[in-house]
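Descriptive analysis of the structure
Each chain, written out:
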Amino acid sequence: MARNPKLSASDVDGVAYRRARTWEIAFSQLNNGSAMIFYVLVGLMSYLQNAGYGIAVAVAGVILTVTRVFDGLIDPIIGVVIEKVRFRFGKLRFFMLTGWAIRSLAILMLFVWGSSTGLGVVFFIAMYLVYIIGSSLNDIAGQMSAPVLTNDPRQRPTVQVWATVYAYLIPSIFTIISTVVFLPRHGNEFTVAMLSETAITYVACSFIFQILACIGVARVDKPESFVHLSATKADAEVSVRDMWNVLVHNGEFLRYLISGASDKLAQVVKSQAVIGTLMWGILLGNMQLGTVLSMVAILPGIVFAIFGARYTGKHGSKAATVTWTWICIILAIALAAFCLVVDMRSVLGSLPLTIVFFVVYLLLNGASMVVTVAAGAMRADVIDYELDRSGKFLPATVTATYNFVDQIISSLGSTLALGAVALIGFSAVMPQPTDNPNTAILLMTMLLFFGLPILGWVCTLIAMHGYKLNRVEMIEVQKRVASRKAELEADDPAQVV
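Residues numbered from 1 in each chain as written. Predicted model: local features only at pLDDT ≥ 70, side-chain atom pairs only at ≥ 80, totals over all residues. Heavy atoms only, no water.

Quick word on the overall build of the chain
As a reminder of what qualifies: Strands are runs of DSSP state E lasting at least 2 residues, helices are runs of H or I lasting at least 4, and numbering of each runs from the N terminus. We take the radius of gyration over the C-alpha atoms and set the globule estimate at 2.2 Å times the residue count to the 0.38 power. Three labels apply to residues, based on accessible area from a 1.4 Å probe with only protein chains included: buried if under 20% of the type maximum, exposed if over 50%, partly exposed otherwise in between. Residue contacts are defined here by distance: any two heavy atoms, one from each residue, within 4.5 Å place the two residues in contact.
The number of helices and strands found in the chain is 20 helices and zero strands. Since a compact globule built from 497 residues should have a radius of gyration of about 23 Å, the 24 Å found for the chain is in line with a globular shape. With the principal axes as the frame, the chain shows a C-alpha extent of 75 × 60 × 50 Å. For the chain, the proportion of its 497 residues judged to be buried stands at 52%. Here the analysis covers contacts within the chain between residues at least 6 apart in sequence; of these, 86% occur between residues at least 24 apart.

Written out as structure tokens, the structure is:
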């Protein structure tokens, strides 16, 4: 008996969705992989500041924090520039490669050509600001690829899966390379020579990823992929005012922004080294456990991401976000209650307790991965909704506006974490893994490690309560967009901009 072929999303929804080939999605998201290589290099920046430029550790931390704010401020400007520029061959590859070239030049100036030459702190700050500009150009253009590649609701979450896989694997691989390959060759010290060799190798590797990413977007990187639903060029002109209009009039974007910002703040605070010292070093008594768990969580995290893509494609980004946010809250409450009830120093000495802790922790990590995948699809939905609402296709504007808030929120993470630990007695010295646990440390760690993420997830549920871009509504959005494009092309194809 012949099997009936599986219906596509276009067949089911009655919308002629554009789809990308699997290899195009995989290649295009290597732009994120390239960015992750630079992320590893930025992690070595504190060593470079001290060894190559003689900058004190305390001053180095201030520089990196202030420049992160600059990173957020520059994003909206770059977003508008990208929207306004129109090239005969498209724009994604131009800005991806231009951004890569600028950030690579800055890294080589910092790590190789300018290090140990006596240029000092002013040169370091100037080059780091140049690096930030290149990063913003590259990242915004790379993040624009998702809504341009596909609007198929079953396929969109897959883009986020590939981006997430690269975000997990590539930093881990290149961190291992720097510590296992380069560090031993230089006496296990972060010397100028070691940092220089690492930077040259990593920039070369990032270039390979960048070229593959450009190949991945080549087919869709053309002017037709960035058209507005406007009959005249005057109506389609993009300005800073459009960014303000998105913030003020696009309620779905604001709800998405609140959801993402609240989760990001909790994530940044939780990832601070000082919070890891409290949780893994002081309370559980094994400082290396956090690193081991991060590595162990990669494979199940990828499995959850793949499952999350399928779930999101079937039920929509809103339903996936709400459902799996509830699961995250329940698991986080359960794990926090477990940590409060048992003696945490006994967890690693008891096999049953260890199994319970590890299993629930890995499930929580996997559930949050599904939320991340749904968030990636949700941003693309918001961009298409803005096209339907205002008639303007603004992927760079939406991305840059989100990144602006994201960077500002991220810059508060370390301040909030350090302020919290100061409240429990660590105002003059930092917590050390050898410190003895007490009730104050336990409660503050539970508050920061589980309580703040729970608060972020609650904010997500509140924001999603009024979010209307569910699976059914997005089908209608795509139908309206397709209908308006067809009408404009029928009236005067040359006027569609």
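Concerning the packing of aromatic side chains
The following threshold applies: Aromatic rings from Phe, Tyr and Trp, taking only the six-membered ring of Trp, are treated as a pair when their centres fall within 6.5 Å; an angle between ring planes under 30 degrees marks them as stacked, one over 60 as edge-to-face, and anything in between as tilted. Sitting over a ring, as applied to charges here, requires NZ of Lys or CZ of Arg to be within 6 Å of the ring centre and within 35 degrees of the ring normal.
Inspection of every chain in the model, using the stated rule, returns 25 aromatic pairs. Plain terms: the ring middles of Trp-280 and Phe-357 are 6.2 Å apart, the flat faces sit at 85° to each other, and that makes the pair edge-to-face. Placement of Trp-280 in helix α13 (residues 273-283) and of Phe-357 in helix α17 (residues 351-390) is noted, with a sequence separation of 77 residues between them. When its relative accessible area of 7% is taken as the criterion, Trp-280 is described as buried. For Phe-357, a relative accessible area of 1% gives the class buried. Looking at Lys-91, its charged tip hangs above the ring of Phe-226, at a distance of 5.1 Å from the centre.

A few points about the nonpolar core
Stated formally: Take the buried Ala, Val, Leu, Ile, Met, Phe, Trp, Tyr and Cys residues and link them wherever side-chain atoms come within 4.5 Å; each set so joined is a nonpolar core.
Among the nonpolar cores identified, the biggest contains 83 residues, and Met-45, Leu-48, Ile-107, Leu-110, Phe-111 and Phe-253 are the most heavily contacted of them. With 13 residues, the top contributor of residues to this core is helix α7 (residues 120-149). Counting 49 residues, the second-largest nonpolar core is a separate cluster that includes Ala-266, Trp-280, Leu-289 and Met-444.

Some words on a nonpolar patch on the surface
Quick reminder of the rule: Patch building starts from residues that exceed 30% relative accessible area and form no salt bridge, then joins like charges within 9 Å and nonpolar side chains (Val, Leu, Ile, Met, Phe, Trp, Tyr) within 5 Å. Areas reported here follow the Shrake-Rupley algorithm with a probe of radius 1.4 Å; residue values treat only the protein chains shown as occluding. Salt bridge, as used here: a side-chain nitrogen of Lys or Arg that lies within 4 Å of a carboxyl oxygen of Asp or Glu.
Residues Trp-23, Leu-97, Phe-207, Ile-211 and Ile-215 make up a contiguous nonpolar surface patch of about 410 Å² in total accessible area. Per-element accounting of the nonpolar patch gives the leading share, three residues, to helix α9 (residues 192-217). Examined against the element boundaries, Phe-207 turns out to sit in helix α9.

Thoughts on the packing of helix α12 (residues 251-270) against helix α19 (residues 439-465)
In helix packing, the relevant descriptors are the interaxial angle and the interaxial distance, both defined with respect to the helix axes. Basically, it comes down to this: Fitting a line to C-alpha atoms yields each axis, with helices limited to the stretch in contact; the angle taken between N-to-C directions then spans 0 to 180 degrees. Orientation labels follow simple angle bins: below 35 degrees gives roughly parallel, above 145 gives roughly antiparallel, 65 to 115 gives roughly perpendicular, and whatever is left gives oblique. Classes in brief: Ala, Val, Leu, Ile, Met, Phe, Trp, Tyr, Cys and Pro nonpolar; Asp, Glu, Lys and Arg charged; the others, Gly included, polar.
Axis separation between α12 and α19 bottoms out at 8 Å; the angle between their running directions is 175°. Judged by the inter-axis angle, α12 sits roughly antiparallel to α19. Residues Arg-255, Tyr-256, Ile-258, Ser-259, Ser-262, Asp-263, Ala-266, Val-269 and Lys-270 of α12 lie in contact with α19, whose contacting residues are Leu-448, Phe-449, Leu-452, Pro-453, Gly-456, Trp-457, Cys-459, Thr-460, Ala-463 and Met-464. Residue composition of the contact of α12 with α19, grouped by class: twelve nonpolar, four polar and three charged.

What about helix α6 (residues 92-113)?
Put simply, the rule reads: Helices are assigned an expected span. That span is 1.5 Å times one less than the residue count.
Over its 22 residues, α6 extends 30 Å from the first C-alpha to the last, a length consistent with the 32 Å expected when each residue adds 1.5 Å. Among all positions in α6, only Leu-92, Phe-95, Met-96, Gly-99, Trp-100, Arg-103, Ser-104, Ala-106, Ile-107, Leu-108, Leu-110 and Phe-111 are buried.

What about the state of the cysteines?
Filter applied, for reference: Pairs of cysteine sulfur atoms within 2.5 Å are identified as disulfides in what follows.
Scanning the model with the defined rule gives zero disulfides in all. Among the cysteines around Cys-459, which has no disulfide bond, Cys-328 carries the closest sulfur, lying 14 Å off.

A closer look at the pattern of salt bridges
A full pass over the atoms with the stated rule returns 13 salt bridges. The partner of Arg-389 in a salt bridge is Glu-386, and the shortest N-O contact between them spans 2.9 Å. Of this pair, Arg-389 and Glu-386 both sit in helix α17, three residues apart, roughly one helical turn. Judged by relative accessible area, which is 2%, Glu-386 ranks as buried. Of the charged contacts, one joins Asp-388 and Arg-480 as a salt bridge, the two residues approaching to 2.8 Å between their closest N and O atoms. Highlighted residues: Asp-388 in helix α17 and Arg-480 in helix α20 (residues 471-491), separated in sequence by 92 residues. Owing to a relative accessible area of 33%, Arg-480 belongs among the partly exposed residues under this scheme. A cluster of three or more residues bridged by salt bridges with shared partners is formed by Asp-388, Glu-473, Arg-480 and Arg-484.

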